[in-house]
Amino acid sequence: RSSMTLRHSILTSLALALLACGCTSLPKRSFPVGIYSVPSTADFPEIRQAGFDVVVGPATWDYLGSAGQAGLKVLANLPPPGGRSPDDLRKLDAHPALWAWYLIDEPDLNSVPPAQVRMSQRQLRESGARKPSALTLYQGYEALDYGNITDLLIVDRYPIPWLALANFGQHINMGRLAIGPDKPLFAVIQAFDWTAYPGMLRTPSSLRPPVYAELRCMAYEAVARGANGIFFYEFDGQWKMREHPELWESLKQVVGEIRAREPLFQGQRLWWAKEHDFADPAFAFNAALESSITATLLRVTAGNDSVPAGDYILAINNTSHEIQYSFALPPRPASSAGETLRVLGENRSLPPANNRVGDTFAAYAIHVYGPIHSITP
């Protein structure tokens, strides 16, 4: 198992390193945080200051140049067939601010056959473009047919409030399982209210945007389910973020926390013989019939002041219920016996009993325990 873990670590690091090099330009950070619908370059400084480093927009010289000046990268919409000559496409491809080509959005939802998407991918490569290509899927399981066509896979799920939040993590997980552990996967989180898109949903639910706790929960669910980065939808499309300052402030707070805890979001997911228990079995499963607590063991090899290097258990309540939850700790060094377990960022520690830890999880709460096993840089 140790050799397989090492192989996974090397391959994942190599994939992200290739995306960060000149041939496949990604931001210097290896956990990108992007946002859709930023049509005005005048908004770039505010977007960058909020902690985002990728925007989704057009492949124009002005847009790319302004993004580069603001320290942003661009997931660029691919021009329609005949919209750009191969020579123009190659020149745009070489722009240092171009992060990736957005080949197609939700082909599964729009009944675009995989064969047609493969043709677009082949035409992109035949033009001489070398930056990564990306597509977005609405259904995570559709990655079985579409997931390995492009270099990057993006999955978007917008469940609030017409579906349980658990639907988000479920589809991110299906995307990851379909493409395997080594291909870059990105999750798109809902940052809008469905009332901005009248007629698209037939639901008796009273529609609303996500609240802070839901935004934060989906961000942590994304990393726990294997996402290598996060996007949010949307800033200034049919939904106007500035007209909803409470949501914008919540979004900035979540992005700020991601940046402060970036080593955790970059952490390597480790296999763990998880043994856990719910005080009330009625709350053990969520609406997707998965565990109501998503618990993942992450290894942080290069920490910071907020997240020292070491192994951490990330545990997320993906439901609207309060849950009493306990779990057995992974093997720890003998020197750790009897030590209390720190809860990251909460100014408290928990004393293990018989190598088990129990805690209370409010609705959509996230607790990070550790470092369980410290790592010397």
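Look up: the structure comes first, before these words.
Every chain begins its residue count from 1, and numbering advances along the sequence as written. Only residues with pLDDT of 70 or above have their local features reported here, since the model is predicted, and side-chain atom pairs are shown and tallied only from 80 upward, although totals for entire chains, interfaces and linings are computed over all residues. Note: side-chain values were computed over all heavy atoms of the structure, leaving out hydrogens and water.

Draft legend 1. Local environment of the overall build of the protein chain. The helix and strand tally for the protein chain stands at 10 helices and 17 strands. We call two residues in contact when some of their heavy atoms are within 4.5 Å. Partitioning the intrachain contacts of the protein chain with sequence separation of at least 6 by distance along the chain shows that 69% fall at a separation of at least 24. The protein chains shown are the only cover counted for residues, whose accessible areas, like all others here, come from Shrake-Rupley with a 1.4 Å probe. Just so you have it, the protein chain exposes about 16,400 Å², and 54% of that area is on carbon and sulfur atoms. Helix and strand assignments come from DSSP, with helices taken as H or I runs of at least 4 residues and strands as E runs of at least 2, each series counted from the N terminus.

Draft legend 2. Representation of the sheet that holds strand β4 (residues 98–105) in the model. Two strands pair under a simple rule: DSSP has to find at least two bridges between them. Overall, parallel pairing links the 8 strands, which are arranged β1-β2-β3-β4-β5-β6-β7-β8 in a closed barrel. The mean angle between the axes of side-by-side strands here comes to 30 degrees, regardless of whether they run parallel or antiparallel. Here strand β1 (residues 33–35) pairs with strand β8 (residues 229–233) via 3 bridges, running parallel. What sits directly across from valine 33, in β8, is isoleucine 230. Strands in contact with helix α8 (residues 212–224) are β7 (185–190) and β8; relative to β7, the strand with the most contacts, it is inclined by about 170 degrees. Here an axis means a line fitted to C-alpha atoms, over the contact stretch when the element is a helix, while the angle between two N-to-C directions is reported on a 0 to 180 degree scale.

Draft legend 3. A look at the pairing of strand β16 (residues 356–361). Note on exposure labels: buried denotes an accessible area under 20% of the residue type's maximum, exposed denotes more than 50%, and partly exposed covers the range between, all computed with a 1.4 Å probe on protein chains only. Burial of β16 is one-sided: the residues Val357, Asp359 and Phe361 facing one way are buried, the residues Arg356, Gly358 and Thr360 facing the other way are not. By the bridge criterion, 6 bridges tie strand β13 (residues 323–328) to β16 in an arrangement that is antiparallel. Pairing of phenylalanine 327 across the sheet is with valine 357, part of β16.

Draft legend 4. Main features of the pattern of salt bridges. In what follows, salt bridge is the name for a side-chain nitrogen of Lys or Arg lying within 4 Å of a carboxyl oxygen of Asp or Glu. This model, assessed by the stated rule, comprises 18 salt bridges. Arginine 90 is the salt-bridge partner of aspartate 87, the closest N and O atoms lying 3.6 Å from each other. On the criterion of helical spacing, the pair formed by aspartate 87 and arginine 90 is a turn pair, its members being 3 residues apart in helix α4 (residues 86–93). Between aspartate 151 and arginine 125 there is a salt bridge, with the nearest N and O atoms lying 2.6 Å from each other. Placement of the pair is aspartate 151 in the loop between α6 (143–146) and β6 (152–157) and arginine 125 in helix α5 (residues 114–126), with a sequence separation of 26 residues. For aspartate 151, a relative accessible area of 31% gives the class partly exposed.

Draft legend 5. Structural detail: helix α3 (residues 61–69). The complete set of buried residues in α3 reads Tyr63, Leu64, Ser66 and Ala67. With its buried residues spanning 165 degrees around the axis, α3 presents them on a single face. Structural note: α3 exposes Asp62 and Gln69 on the side pointing more than 90 degrees away from its buried face. Those residues of α3 hidden inside the fold are in contact with α2 (44–49), β2 (54–58), β3 (73–77), α4 and β4. Where α3 terminates, the next one or two residues include glycine 71, which has phi positive at roughly 80 degrees. What the arc covers is the set of directions going from the helix axis to the C-beta atoms.

Draft legend 6. Spatial organisation of the pairing of β4. Counting buried positions over the 8 residues of β4 gives 7, a clear majority of the element. Sheet topology places β3 next to β4; 4 bridges connect them, and they run parallel. The residue of β4 that forms the bridge with alanine 76 is tryptophan 101. Here 4 bridges tie β4 to strand β5 (residues 133–137), and the two strands are oriented parallel to one another.

Draft legend 7. Molecular detail of the packing of aromatic side chains. Pairs were defined over the aromatic rings of Phe, Tyr and Trp, the Trp ring being its six-membered one, requiring ring centres within 6.5 Å. Orientation was assigned from the angle between planes: stacked under 30 degrees, edge-to-face over 60, tilted for the rest. What the rule picks out here adds up to 24 aromatic pairs. Summarising the aromatic geometry, the rings of phenylalanine 44 and tyrosine 63 are spaced 5.1 Å apart at their centres and angled 85 degrees between planes, so their arrangement reads as edge-to-face. With a gap of 19 residues between them, phenylalanine 44 in helix α2 and tyrosine 63 in helix α3 connect regions that are remote in the sequence. Residues phenylalanine 44 and tyrosine 63 agree in their burial class; the two are buried. Their ring planes at 85 degrees and their centres at 6.2 Å tell us that phenylalanine 52 and phenylalanine 232 sit as a pair that is edge-to-face. Taken as a pair, phenylalanine 52 in the loop between α2 and β2 and phenylalanine 232 in strand β8 lie far apart in primary sequence, 180 residues in all. Grouping residues by exposure puts phenylalanine 52 and phenylalanine 232 together as buried. A network of ring pairs unites the aromatic residues Tyr36, Trp99, Tyr102, Tyr158, Phe186, Phe192, Trp194, Tyr197, Phe231 and Tyr233 as a single cluster. Counting as a charge over the ring demands two things of the Lys NZ or Arg CZ atom: a distance within 6 Å of the ring centre and an angle within 35 degrees of the ring normal. Taking the ring centre of tyrosine 138 as reference, the NZ or CZ of arginine 157 above it sits at 4.4 Å.

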